[in-house]
Amino acid sequence: MSTDSGKTFSNVETSGYVGFANLPNQVHRKSVKKGFEFTLMVVGESGLGKSTLVNSLFLSDLYPERVVPDAVEKQHQTVKLDASTVEIEERGVKLRLTVVDTPGFGDAIDNSDSFSAILEYIDEQYERFLRDESGLNRRNIVDNRIHCCFYFISPFGHGLKPLDIEFMKKLHCKVNIVPVIAKADVLTKKEIQRLKCRIMQEIEDNGIKIYPLPDCDSDEDEDYKEQVRQLKEAVPFAVCGSTTLLEVKGRKVRGRLYPWGVVEVENPEHCDFIKLRTMLITHMQDLQEVTQEVHYENYRSERLAKSVRKNTNPIIKDENGTTGEVLSDKDRILREKEEEIRRMQEKLAQMQAKIQAQK
């Protein structure tokens, strides 16, 4: 390679500092300025402490106006989805957290249709994202896709219920499932370990794919490798939540007071709360990437395949004898957007041609 002055750059020494090592700092500053988005879904039977755990995790009250239904109302209650969004800022970093709760799940006598509303909601968010991605204003897309699902398992059984197995088998290809044993303070350490082994065995036997924590690279430091190893061993996470501050030996702790003592939520010896929070925070980016690259891409490919099949739509004739395709509403919207993009491209080409002519 040569310049106008005839000098060549092929043999120039590059031992000096160029500066591209600063690129991660640029990405960091840009990301911090933009803020982060994360959507968490919590699923489980009533009374397992889902709301308390979420409030404990993020030190926020995401359900200030919640009305708890009584036993009569629960008999007629169907599964509905309740999304709460809160802006959290910590040391200048902003997080737009959306928590989707599923009151009514597993409370009916016949729960065979409990997860249909949840499946529909997850698909709706994928469809909305796909529609926005296909539109003209792609810069300001709000990502409401479910990045992680905490599935709460009752501590009072001897493993997974048929409903638990059926739910996870229906959703494991659509969302990152993290199994959580609720109210772990009702069990001894040996009972928790026995229940964990039983649940993991049943998950494997039924071919259920839960969220796999990513393996560490060989160049990672030993502390991080040890942390990931401990997190993998802790699955399913046995947790208990509390927003109550108690005084224990002169220090303030969040926990639950019993006649025999205090269960400290943030004490690793008492439950896996800290491990669950560490997993969620340190792997939040990976949860989003798996959602984008695996679950969303699966949905997108299936959706586009259906569109291709629908393009072989039956041909109909109108009253004038003109033939045409029968299009679904979604396909019609997609075609209208494509036509609008084509017209915009034509206008842009015309404007560029005029500018070139003026020069």
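What counts and how
- Residues numbered from 1 in each chain as written.
- Predicted model: local features only at pLDDT ≥ 70, side-chain atom pairs only at ≥ 80, totals over all residues.
- Heavy atoms only, no water.
- Helix = DSSP H or I, 4+ residues; strand = E, 2+ residues; numbered from the N terminus.
- Buried < 20%, exposed > 50% of the residue type's maximum accessible area, 1.4 Å probe, protein only.
- Contact = heavy atoms within 4.5 Å.
- Areas by Shrake-Rupley, 256 points an atom, 1.4 Å probe, with all protein chains shown as cover.
- UniProt positions renumbered as here; feature names shortened; annotations may be inferred.
- Pairing = 2+ DSSP bridges.
- Axes fitted to C-alpha atoms, helices over the stretch in contact; angles between N-to-C directions.
- Parallel < 35°, antiparallel > 145°, perpendicular 65-115°, else oblique.
- Left-handed = near helix turned anticlockwise from the far one by under 90°.
- Nonpolar A, V, L, I, M, F, W, Y, C, P; charged D, E, K, R; others polar.
- Polar contact = N/O pair within 3.5 Å; in protein donor to acceptor, adjacent residues only side chain to side chain.
- Phe/Tyr/Trp six-rings, centres within 6.5 Å; stacked < 30°, edge-to-face > 60°.
- Lys NZ or Arg CZ within 6 Å of the ring centre and 35° of its normal.
- Core = buried A, V, L, I, M, F, W, Y, C linked by side-chain atoms within 4.5 Å.

Q: What is the right way to look at the overall build of the chain in this model?
A: When helices and strands are counted, the chain shows 10 helices and 11 strands. Burial status across the chain gives 36% buried among its 359 residues. Partitioning the intrachain contacts of the chain with sequence separation of at least 6 by distance along the chain shows that 67% fall at a separation of at least 24. Only carbon and sulfur atoms are counted for the fraction: they give 51% of the accessible area of the chain, which is about 22900 Å².

Q: So what exactly am I meant to see when it comes to the UniProt feature "site: Important for dimerization" (unreviewed entry) in the chain here?
A: Within this structure's numbering, the places UniProt gives as "site: Important for dimerization" (unreviewed entry) are Phe 156. By secondary structure assignment, the location of Phe 156 is in the loop between strand S4 (148-153) and helix H5 (162-171).

Q: Hey, could you run me through the sheet that holds strand S8 (residues 251-258) in this one?
A: In spatial order, the strands read S7-S8-S9; together these 3 strands make up an open sheet with antiparallel pairing. Looking along the sheet, the strands with just one partner apiece sit at the ends: strand S7 (245-248) and strand S9 (261-264). Across this sheet, the average inter-strand angle for adjacent strands is 70°, counted without regard to direction. As paired elements, S8 and S9 share 4 bridges and run antiparallel to each other. When the bridges of S9 are listed, Gly 255 appears paired with Glu 264.

Q: I tried to follow the packing of helix H2 (residues 50-58) against helix H8 (residues 273-282) on my own but got confused; where do I start?
A: Taken N-terminus to C-terminus, the directions of H2 and H8 make an angle of 65°; their axes are 11 Å apart at the nearest point. In terms of orientation, H2 and H8 fall into the roughly perpendicular class. Every pair of crossing elements has a handedness; the one defined by H2 and H8 is right-handed. Note on element contacts: H8 touches H2 through Phe 273, Leu 276, Arg 277 and Leu 280, opposite Leu 53, Ser 56, Leu 57 and Phe 58. Split by residue class, the contact of H2 with H8 holds 6 nonpolar, 1 polar and 1 charged.

Q: Is there a simple way to explain H5 in this structure?
A: Because an α-helix packs 3.6 residues into every turn, residues spaced three or four apart end up facing the same way. For H5, the complete set of buried residues consists of Leu 163, Asp 164, Ile 165, Phe 167, Met 168 and Leu 171. Buried residues along H5 sit against strand S1 (36-43), helix H4 (116-133), S4, strand S5 (177-181) and helix H6 (189-205).

Q: Which parts of the structure should I look at to understand the pairing of strand S2 (residues 82-90)?
A: Here is the key point about a regular strand: its side chains alternate between the two faces of the sheet. Of the pairings in the sheet, the one linking S2 to strand S3 (residues 93-101) comprises 9 bridges and is antiparallel in character. Residue pairing across strands places Val 86 opposite Leu 97, the latter belonging to S3. The antiparallel hairpin formed by S2 and S3 contains 2 residues in its connecting segment, where Arg 91 sits at a positive phi of about 55°.

Q: Help me out: how do you make sense of the environment of Glu 45 in this one?
A: Tracing the backbone through its elements, the reader meets Glu 45 in the loop between S1 and H2. Among the polar contacts listed, one links the side chain of Glu 45 to the side chain of Lys 161, at a separation of 2.8 Å.

Q: Where do I start with the packing of aromatic side chains in this structure?
A: For any pair of aromatic rings, geometry is given as the distance between the ring centres together with the angle between the planes. Within this structure, the stated rule accounts for 5 aromatic pairs. Relative to Tyr 296, the ring of Phe 129 lies with its centre 5.2 Å away and its plane at 85°, an arrangement referred to as edge-to-face. Taken together, the residues span a long stretch of sequence, with Phe 129 in helix H4 and Tyr 296 in helix H9 (residues 284-310) at a distance of 167 residues. Here the two residues Phe 129 and Tyr 296 agree in accessibility, since each one is buried. The side chain of Arg 145 reaches across the aromatic face of Tyr 296, ending 4.9 Å from its centre.

Q: Got a minute to help me understand the nonpolar core in this structure?
A: Side chains of a nonpolar character, in soluble globular proteins, are inclined to be buried together. Residues Phe 150, Phe 167 and Met 279 are the most contacted members of the largest nonpolar core, which totals 71 residues. In terms of residue count, H4 provides more of this core than any other element does, 7 residues in total. When sequence neighbours within four positions are dropped, the list of residues in contact with Phe 150 reads Leu 40, Met 41, Val 42, Val 43, Leu 57, Val 178, Val 180, Leu 276, Met 279 and Leu 280.

Q: Would you explain unusual backbone geometry in this entry?
A: Most peptide bonds take the trans configuration, and most residues that are not glycine carry a negative phi. That bond from Val 235 to Pro 236 is cis: its omega, -5°, falls within 30 degrees of zero. On the secondary structure map, Pro 236 appears in the loop between helix H7 (222-234) and strand S6 (237-238). The backbone of Lys 183 shows a phi angle near 45°, a positive value even though the residue is not glycine. Taking the relative accessible area as the measure of exposure, Lys 183 reaches 33% and is therefore partly exposed.

Q: It is not clear to me how the environment of Phe 129 should be interpreted in this structure. Could you clarify?
A: The exposure class of Phe 129 is buried, given its relative accessible area of 10%. When near neighbours in sequence (up to four residues on either side) are disregarded, Phe 129 contacts Ile 141, Val 142, Asp 143, Arg 145, Gln 292 and Tyr 296.

Q: I'm lost on the environment of Phe 150 in this one. Help?
A: Checked against the element boundaries, Phe 150 lands in strand S4. With 110 residues separating them in the primary sequence, Phe 150 and Leu 40 have C-alpha atoms 7.5 Å apart.

Q: Explain the sheet that holds S3 here, please?
A: Strand pairing within a sheet occurs via backbone hydrogen bonds; the two strands may be parallel or antiparallel. On the basis of which strands lie adjacent, the open sheet formed by 6 strands has the order S2-S3-S1-S4-S5-S6 and mixed pairing. Only two strands of the sheet have a single partner each, and these edge strands are S2 and S6. As defined by bridge partners, S4 adjoins S5 across 5 bridges and the pair is classed as parallel. Each residue of the ladder has a partner; that of Tyr 151, found in S5, is Pro 179.

Q: When you look at the pairing of S3 in this model, what are you seeing that I'm missing?
A: Of the strand pairs in this sheet, S1 and S3 are connected by 7 bridges, and their pairing is parallel. In the sheet register, Thr 39 faces S3, and the bridge partner there is Thr 98.

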